[in-house]
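Letter by letter, the chains look like this.
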Amino acid sequence: MTPGRLGLHEDALVGLQLRATHVFGSFDARARYAPSSGGVSEQSLAQDLMGSVRLPFAPRLQLTALVPFVETWRTAAGASDFGGGLGDVNVSARWDFFEAGRARWLPGIAALAGVTFPTGTPPETASPPLAADATGTGAFQGNVGVAVEQTFGPWLVTVYGIVAKRAPRTIHGATSSLGTQWTALLAVAYTFSQDYAVALSASYAVEGEAELAGERVPGSSRRVPTVGLFGVAPFSDAFRLQGGPSLSPPVSHLGKNQSANAVLTVTAVYAWY
Amino acid sequence: MVLRRAFVDRIRSAFGCIVLISALASCAAEPSLRVPPLTVADTSGAHVSLPGDLARSKLTVLVFYADRCPCFRVHEGRIRDLYRAYAPRGVDVILVDSEVDATMERATAAVRERKLPRMVLDPGGRLAEALGAEYATYSVVLDESGRVRYRGGIDSDKNRLTDTPKEYLREALDDLLAGREPRRTESKTLGCALRTR
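Just so you know, the residues in each chain are numbered from 1, in the order the chain's sequence is written. Chain A is the first chain written and ligand 1 is the first ligand written, with later ones labelled in order. The model is predicted, so local features are restricted to residues of pLDDT at least 70 and side-chain atom pairs to those at 80 or more, both for listing and for counting; the totals for chains, interfaces and linings are taken over all residues. Hydrogen atoms and water are omitted, and side-chain values are computed over all heavy atoms in the structure.

### Describing the interface of chain A and chain B
When the parts of a complex come together, some accessible area is lost, and that lost area is often taken as the interface size.
Then step 1. We call two residues in contact when some of their heavy atoms are within 4.5 Å. Taken residue by residue, the interface counts 21 residues in chain A and 20 residues in chain B.
Then step 2. Both faces combined, the contact of chain A with chain B buries some 2000 Å², and carbon together with sulfur accounts for 44% of it.
Then step 3. Note: buried area is the sum, over both parts, of the accessible area (probe 1.4 Å) each one loses when the two are combined. Broken down residue by residue, the surface that chain A buries against chain B is led by His9, Arg102 and Asp237 of chain A, which jointly contribute 35%.
Then step 4. Between Lys or Arg on one side and Asp or Glu on the other, a salt bridge is scored when a side-chain nitrogen of the former is within 4 Å of a carboxyl oxygen of the latter. Taken together, the connections running from chain A to chain B amount to three salt bridges.

Spelled out as structure tokens, the structure:
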């Protein structure tokens, strides 16, 4: 779920995450779900390079960098388009105030912060006909959050709360900005012997209305539901594969102004102790 | 160019200071650790008085235990081997359960069923706190006076045992039994976080 996160005792890791996404429908501005109509399809592949490190003089702090590469295929109205390239690079930090499992009643608590840089191609500069080479949002994004975790024997329960703010940007002479996004995530994981693990997760992101030239754009707010099933398969203490399927449940009123996606993720991670 | 070089020099100097300060802090935080005066019950029905009872052996190894910890479970064979190999040379091995849910019944059953060395309970985690134990498999080598001569992991393996681990604890015992200072007095411990509160 958080593939770049360092596990207990890990000092550093490098990883390659492969993501395959299929858009099977969408939620409209009234939050009604509709499957993709015939002749319309979208698939994308992404390869995320990631690296995380724990600083020797601040072992509670871990820093992660993620560099995505995205390729998209789109078909609509008899036209098809393929494009891709570097996506939006993200740098994030995590500070663990208290580790999960240390105390019976006090859960692990961590502060999260991150910045996403607009290194990808924004939609407005993407090429016609279907802007398949759009790989980023075009805006700086800052996010802060908190993670609360607790272990109960082999069970791990995790709750994340994250708020993301996107910087305004100028598109064709007009200043626009996306709304503030709030995300809540709940995950329950079970660890088997030898560190094999499975996890179920559910997240819900709510985004406020966008602004254009200082005015709010009515009906532009978004809601993004996601549920996922993930697994971890260690091949040694240092090398593991992790990932699994996730999707936006195709249920009206759950999502809004958002495509409904099915995503398959596989991540290879090599860690140092 | 000159400005750039000055900037780089300044960064280097600042980084050097951080490293130096970290090193000094780590030296300052490294007093000669000793086991605290404490009497704890063990799974044989006896009581162990620390540090007095340590004089019965040349060296005593305390290994911190967590019942649910995969890292501890996979190391149990190595702990048994260690006990068998070093007991004839005057080394005692005692497991310590400092976790909040520790009970003598559970400890006794674990020792009996898995043929482990005897275990003591550390209610309140006083021993763990005094000896800096945060993770299962953390091992402490004490001399007859109760002074800590080595502390850290049993070896470099975590949950999957390899054929060629770095055997930190054995190295420390071999060095101390040979009358030398351990080549390594500390190492990283890779077990689960101990739930002592």
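### Quick notes on the state of the cysteines
All names here are of chain B.
Then step 1. By disulfide we mean two sulfur atoms from cysteines, separated by a distance within 2.5 Å. Applying the stated rule across the entire model yields one disulfide over all chains.
Then step 2. At a sulfur-sulfur separation of 2.4 Å, the disulfide partner of Cys69 is Cys192. Taking the sign of the S-S torsion, about 90° here, the bridge from Cys69 to Cys192 comes out right-handed. Taken as a pair, Cys69 in the loop between β3 (59–65) and α2 (70–86) and Cys192 in the segment after α5 (168–177) lie far apart in primary sequence, 123 residues in all. Note on accessibility: Cys69 and Cys192 belong to one class, buried.
Then step 3. The structure places no disulfide on Cys71, whose sulfur is separated from the nearest cysteine sulfur, that of Cys69, by 5.1 Å. Numbering of helices and strands runs from the N terminus; a helix is a DSSP stretch of H or I covering at least four residues, while a strand is a stretch of E covering at least two. When accessible area is computed with a 1.4 Å probe and restricted to protein chains, residues below 20% of their type maximum are described as buried, those above 50% as exposed, and intermediate ones as partly exposed.

### As for the packing of aromatic side chains
Then step 1. Aromatic rings from Phe, Tyr and Trp, taking only the six-membered ring of Trp, are treated as a pair when their centres fall within 6.5 Å; an angle between ring planes under 30 degrees marks them as stacked, one over 60 as edge-to-face, and anything in between as tilted. According to the stated counting rule, one finds 10 aromatic pairs over all chains in the structure shown.
Then step 2. A centroid spacing of 4.8 Å and a plane angle of 65° characterise the contact between Tyr190 of chain A and Phe192 of chain A, whose relative ring orientation is edge-to-face.
Then step 3. Given a relative accessible area of 25%, Tyr190 of chain A falls into the partly exposed group.
Then step 4. The interplanar angle of 50° and the centroid separation of 5.9 Å between the aromatic rings of Phe64 of chain B and Tyr138 of chain B together place this pair among those described as tilted. With Phe64 of chain B in strand β3 and Tyr138 of chain B in the loop between α4 (126–131) and β6 (139–143), the pair connects residues that are 74 residues apart, well separated along the chain. Across this residue pair, the class does not change: Phe64 of chain B and Tyr138 of chain B are buried.
Then step 5. The rings of Phe24, Phe27 and Tyr33 of chain A are connected pair by pair, giving a single aromatic cluster.
Then step 6. For the cation-ring pair, Arg102 of chain A lies above Tyr135 of chain B, with the distance from its terminal atom to the ring centre recorded as 4.9 Å. We call a charge positioned above a ring when the Lys NZ or Arg CZ atom is no farther than 6 Å from the ring centre and deviates by at most 35 degrees from the ring normal.

### Comments concerning a nonpolar patch on the surface
All names here are of chain A.
Then step 1. There is a patch of nonpolar side chains on the surface, built from Trp95, Phe97, Leu106, Ile109, Val146, Val148, Phe152, Trp155, Val159, Leu186 and Val188 and spanning about 930 Å² of accessible area.
Then step 2. Among the elements that make up the nonpolar patch, the one with the highest residue count is strand β8 (residues 141–152) (three residues).
Then step 3. Mapped onto the elements, Val188 comes out in strand β12 (residues 181–191).
Then step 4. Its relative accessible area of 33% is what places Val188 among the partly exposed residues. Patch members must show over 30% relative accessible area and no salt bridge, and they are joined within 9 Å when carrying like charges or within 5 Å when they are nonpolar side chains of Val, Leu, Ile, Met, Phe, Trp or Tyr. Each accessible area is a Shrake-Rupley estimate made with a 1.4 Å probe; only the visible protein chains count as cover when residues are assessed.

### A look at empty space enclosed by the protein
Residues and elements named next belong to chain B.
Then step 1. Using a grid of 1 Å spacing that covers the protein atoms alone, one calls a set of points a cavity when a 1.4 Å probe fits there but cannot get out, and a pocket when the set is open and has protein on both sides within 12 Å along at least five of seven lines; lining residues are those with an atom within 4 Å of a point. Grid points are joined across faces, edges and corners, and a volume is the space filled by probe spheres set on the points. Across all of its chains, the model carries one cavity of 30 Å³ or more by this definition.
Then step 2. In this structure, the largest cavity occupies an estimated 40 Å³ of space.
Then step 3. Taken together, Cys71, His75, Thr137, Gly153, Ile154, Asp155, Asp157, Thr189 and Leu190 make up the full set of residues lining the largest cavity.
Then step 4. Grouping the amino acids of the lining of the largest cavity by side-chain chemistry returns three nonpolar, four polar and two charged. Three classes are used, and their members are as follows: Ala, Val, Leu, Ile, Met, Phe, Trp, Tyr, Cys and Pro are nonpolar, Asp, Glu, Lys and Arg are charged, and the others, Gly among them, are polar.

### Observations concerning the pattern of salt bridges
Then step 1. Counting across every chain of the model gives 36 salt bridges over all chains.
Then step 2. Two residues, Arg149 of chain B and Glu181 of chain B, come together in a salt bridge whose shortest N-O distance is 2.6 Å. Of this pair, Arg149 of chain B sits in strand β7 (residues 148–152) while Glu181 of chain B sits in the segment after α5; the two residues are 32 residues apart in sequence, bridging distant segments of the chain.
Then step 3. Among the residues examined, Arg149 of chain B registers a relative accessible area of 15% and is labelled buried.
Then step 4. Its relative accessible area of 54% is what places Glu181 of chain B among the exposed residues.
Then step 5. Ionic pairing is found between Arg180 of chain B and Asp175 of chain B, a salt bridge with its closest N-O pair at 2.8 Å.
Then step 6. Residue classification places Arg180 of chain B among the partly exposed residues on the basis of a relative accessible area of 47%.
Then step 7. Residue classification places Asp175 of chain B among the buried residues on the basis of a relative accessible area of 3%.
Then step 8. Connected via shared salt-bridge partners are Arg5, Arg94, Asp96 and Glu149 of chain A.

### Details of the sheet that holds strand β11 (residues 174–177) of chain A
Residue and element names in this part refer to chain A.
Then step 1. Here, a strand pair is defined by DSSP locating no fewer than two bridges between the strands. In space, the four strands of this open sheet follow the order β10-β11-β14-β15, with antiparallel pairing throughout. Every other strand in the sheet has two partners, leaving β10 (169–171) and β15 (215–216) as the edge strands with one partner each.
Then step 2. Alignment of β10 against β11, held across three bridges, turns out to be antiparallel. When the sheet's bridge partners are listed, Ile171 is paired in β11 with Ala174.

### What to know about the side chain of Asp42 of chain B
Residue and element names in this part refer to chain B.
Then step 1. Here Asp42 lies in the loop between β1 (38–41) and β2 (47–50).
Then step 2. Here a polar contact is recorded for every N or O atom pair within 3.5 Å, except that within protein the pair must consist of a potential hydrogen donor and a potential acceptor, and residues adjacent in sequence are included only if both atoms are side-chain atoms. For Asp42, the side chain forms a polar contact with the side chain of Ser44, separated by 2.7 Å.
Then step 3. Asp42 has contacts with Val48, Met104, Arg118, Met119 and Val120, leaving out every residue within four places of it along the chain.

### Remarks on the pairing of strand β6 (residues 89–98) of chain A
Residues and elements named next belong to chain A.
Then step 1. With six bridges connecting them, strand β4 (residues 58–76) and β6 associate as antiparallel partners. Following the sheet pairing, Gln62 is matched in β6 by Arg94.
Then step 2. The sheet contact formed by β6 and strand β7 (residues 108–117) spans nine bridges and is antiparallel. Bridging from a neighbouring strand, Val91 pairs with Val115 of β7.

### As for α2 of chain B
Residues and elements named next belong to chain B.
Then step 1. Given a helix with a known number of residues, its expected span is that number minus one, times 1.5 Å. Look at α2: 24 Å from first C-alpha to last across 17 residues, which is about the 24 Å you get at 1.5 Å a residue.
Then step 2. To obtain the bend at a residue, axes are fitted to the seven residues ending there and to the seven starting there, and the angle between these axes is taken. Helix geometry: α2 is bent most strongly at Glu76, by close to 45°.
Then step 3. On the buried face of α2, the contacting elements are β3, β4 (91–97) and α5.

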